[in-house]
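# Geometric and topological summary
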Amino acid sequence: MATTAPFATPLYVMLKPASSHCNLACHYCYYLRAQHHAGEGTMSDALLEEFTRQYIEAQTMPEVLFTWHGGEPLMRPLSFYQRALQLQRQYARGRHIDNCLQTNGTLLTDEWCEFLRDNHFLVGISIDGPQEMHDTYRRNKTGRPSWHSVMRGIRLLQKHGVAWNAMATVNAVNGNHPDDFYQFFRDLGCQYLQFTPVVERNGTEICEYSVTPDQWGRFLCGVYDQWVREDVGRIFVQTFDATLANWAGVTPGVCSLSSLCGHAAVMEANGDVYSCDHFVYPDYLLGNIRQQTLTTMLYGEQQRSFARKKTGGLPRQCRECHWLFACHGECPKNRFISDRYGEQGLNYLCEGYRQFFSHVAADMDFMKAELDAGRAPANIMERAGNRAAMESQRTRKESNTDTITDTITDTITDTITNTNKI
């Protein structure tokens, strides 16, 4: 792939054009808690142009990805994004530009979908699974459920042929139902599925809607067991793709499981730039685009120091762990418990990840070998299907054995009873 500079690497800045403004009020929304730091304004036309120019000029790759996030980015009118595309064309200078947009889907209309399709946007839809799972925590500001509105939005995307994927959170409710969760997305025709664990704290206390480490491990294993039997190469689950990437020694496409972070910052509607979307707090403010360039902020010492914390802050238990190559300590925001040596910085979800990696290790070894041999990892499905059939056969045998044992026990009991009567 050609590059526009030596030693080229991609640089990402997630844009918040409506800041924290949103028509929903999801119980677990971390961004609402950061709102007083991030501000509540909307992005001006002048700031949009300044960002567009700087962002494209800062890239060392021929491809540029604009990522529109929130809050809810559709709180800005369609005209805002039409102007954004005009500016992208104005400053592109031969680079290929793509756009992706993360939305709760409730504000989508035919007009929006036609625009998104015609301009080749990739749309991420936030949905937590079937209605009863989704509506538990994803409600609007008056407390009304949002699932039906989200589903209407998905149907509009499908009607207009807009490329979309699903982004779900895994929380205290749907974390107990991996089978129903995954089957829902299969039935929906979803080809690209991302899910992320909810881990939020109120001070030092874990919020009640957070997934527990054991839940997270069982959830990952449960979804994986369905996916690996029938859907490898057909449905792309980000966590499983990232796990295989680490197994194969390739940088995964999700930062939480990568060895480094810090290459993806976030810019608020007022021009403030922060190290990461999960660290929109004063300690992680890199500066403002009106006073400093994106290049200065994202390649400066403060951001490099933030990136080094991914590996530099690992406690002893992590450094000794057999699975370190597969998770790299996961996201720094979740590293707040003590390890078995009493060192701080162990990931809250460590137990769940260890459960998952142990569960999939043999399959990952097989898929890596297939990749190394130039064959498709999807070949794992035959092996997984045979394994499932053997497990089912063993279960039936155990059930038959239990039935026979119960029958013999009942017969002996009846015989003894009748003897006593005589």
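If you're wondering where the values come from, they're calculated on a predicted model, not measured in any experiment. (Residues numbered from 1 in each chain as written. Predicted model: local features only at pLDDT ≥ 70, side-chain atom pairs only at ≥ 80, totals over all residues. Heavy atoms only, no water.)

## Section: helix α11 (residues 301-312)
Gln303, Phe306, Ala307 and Lys310 are the residues of α11 that are buried. The buried residues of α11 occupy an angular sector of 95° when the element is viewed end-on, so they sit on one face. Elements that come into contact with the buried residues of α11 comprise β12 (285-288), α10 (294-298) and β13 (335-338). (Buried < 20%, exposed > 50% of the residue type's maximum accessible area, 1.4 Å probe, protein only. Helix = DSSP H or I, 4+ residues; strand = E, 2+ residues; numbered from the N terminus. Arc of directions from axis to C-beta. Contact = heavy atoms within 4.5 Å.)

## Quick look at the pairing of strand β3 (residues 96-103)
Burial analysis of β3 places 6 of its 8 residues in the buried class, which makes it a mostly covered element. Relative to β3, strand β2 (residues 63-68) runs parallel, the two sharing 6 bridges. In the strand pairing of β3, Val64 is matched with Ile97. Taken together, β2, helix α3 (residues 78-91) and β3 form a β-α-β motif whose crossover is right-handed. For β3 and strand β4 (residues 122-126), the ladder comprises 4 bridges, and the chain directions are parallel. Counterpart to Thr103 in the pairing with β4 is Ile125. (Pairing = 2+ DSSP bridges. Right-handed = clockwise from strand over helix to strand, strands pointing away.)

## A few points about the sheet that holds β2
Within a sheet, adjacent strands bond to each other through the backbone by hydrogen bonds, running parallel or antiparallel. Spatially, the 10 strands line up as an open sheet ordered β9-β6-β5-β4-β3-β2-β1-β10-β11-β12, and their pairing is mixed. Each of the sheet's edge strands pairs with one partner strand only, and the pair in question is β9 (236-237) and β12. Bridge count between strand β6 (residues 192-197) and β9: 2 bridges; the pairing is parallel. Bridge assignment links Leu193 to a residue of β9, and that residue is Val237.

## Notes on the nonpolar core
By size, the foremost hydrophobic cluster in this structure holds 95 residues, and its most contacted members are Trp68, Ile127, Phe185 and Phe195. When residues in this core are grouped by element, the largest group, 8 residues, is from helix α8 (residues 213-230). Of all hydrophobic cores here, the second largest spans 9 residues; its members include Cys22, Tyr28, Tyr137 and Val198. (Core = buried A, V, L, I, M, F, W, Y, C linked by side-chain atoms within 4.5 Å.)

## A short note on the pattern of salt bridges
The full count for this structure, using the stated rule, is 20 salt bridges. Between Asp45 and Arg83 there is a salt bridge; the shortest N-O distance is 3.1 Å. In this pair, Asp45 is assigned in helix α2 (residues 45-58) and Arg83 in helix α3, connecting sequence segments 38 residues apart. A residue is classified by how much of its surface remains accessible, and Asp45, at 39% relative accessible area, is partly exposed. (Salt bridge = Lys/Arg side-chain N within 4 Å of Asp/Glu carboxyl O.)

## A look at the state of the cysteines
In protein chemistry, a disulfide is the covalent bond that joins the sulfur atoms of two cysteines. With the rule as written, the count across this model stands at 0 disulfides. Cys26 provides the cysteine sulfur closest to Cys22, a residue in no disulfide bond, and the two sulfurs are 6.3 Å apart. Residue Cys22 is classed as buried on the basis of its relative accessible area of 17%. (Disulfide = S-S within 2.5 Å.)

## A short note on helix α14 (residues 350-372)
If you look at α14, its biggest bend is around 55°, right at Ala361. Taken together, the buried positions of α14 are Cys350, Gly352, Tyr353, Phe356, Phe357, Val360, Ala361, Asp363, Met364, Met367 and Glu370. At the C-terminal side of α14, Gly374 shows a positive phi close to 80°. (Bend = angle between axes of the 7 residues up to and from the residue.)

## Digging into the environment of His263
Residue position: His263 is located in the loop between α9 (238-247) and β10 (264-267). For His263, a relative accessible area of 37% translates into the label partly exposed. It is 6.3 Å that separates the C-alpha atoms of His263 and Tyr12, two residues lying 251 residues apart in sequence. Each residue touching His263, except ones within four places of it in the same chain, is listed here: Pro10, Leu11, Tyr12 and Cys255.

## Topic: unusual backbone geometry
Backbone torsion omega between Gly70 and Gly71 reads 15°, so that peptide bond is classified as cis. Following the sequence through the fold, Gly71 ends up in the loop between β2 and α3. Although it is not a glycine, Arg93 adopts a positive phi angle of roughly 50°. Within the secondary structure, Arg93 sits in the loop between α3 and β3. Residue classification places Arg93 among the exposed residues on the basis of a relative accessible area of 63%. Look at Glu330: it is not a glycine, yet its phi comes out positive at around 55°. Positionally, Glu330 belongs in the loop between α13 (324-327) and β13. Residue class for Glu330 comes out buried when judged on its relative accessible area of 3%.

## Let's talk about the packing of α2 against α3
One can describe the packing of α2 onto α3 by two numbers: an axis separation of 10 Å at closest approach and a directional angle of 35°. Of the two elements, α2 crosses α3, and the hand of that crossing is right-handed. Of the residues in α3, those touching α2 at Asp45, Leu48, Glu49, Thr52, Arg53 and Ile56 are Phe80, Arg83, Ala84, Leu87, Gln88, Gln90 and Tyr91. Classifying every residue of the contact of α2 with α3 by side-chain character gives 6 nonpolar, 3 polar and 4 charged. (Axes fitted to C-alpha atoms, helices over the stretch in contact; angles between N-to-C directions. Left-handed = near helix turned anticlockwise from the far one by under 90°. Nonpolar A, V, L, I, M, F, W, Y, C, P; charged D, E, K, R; others polar.)

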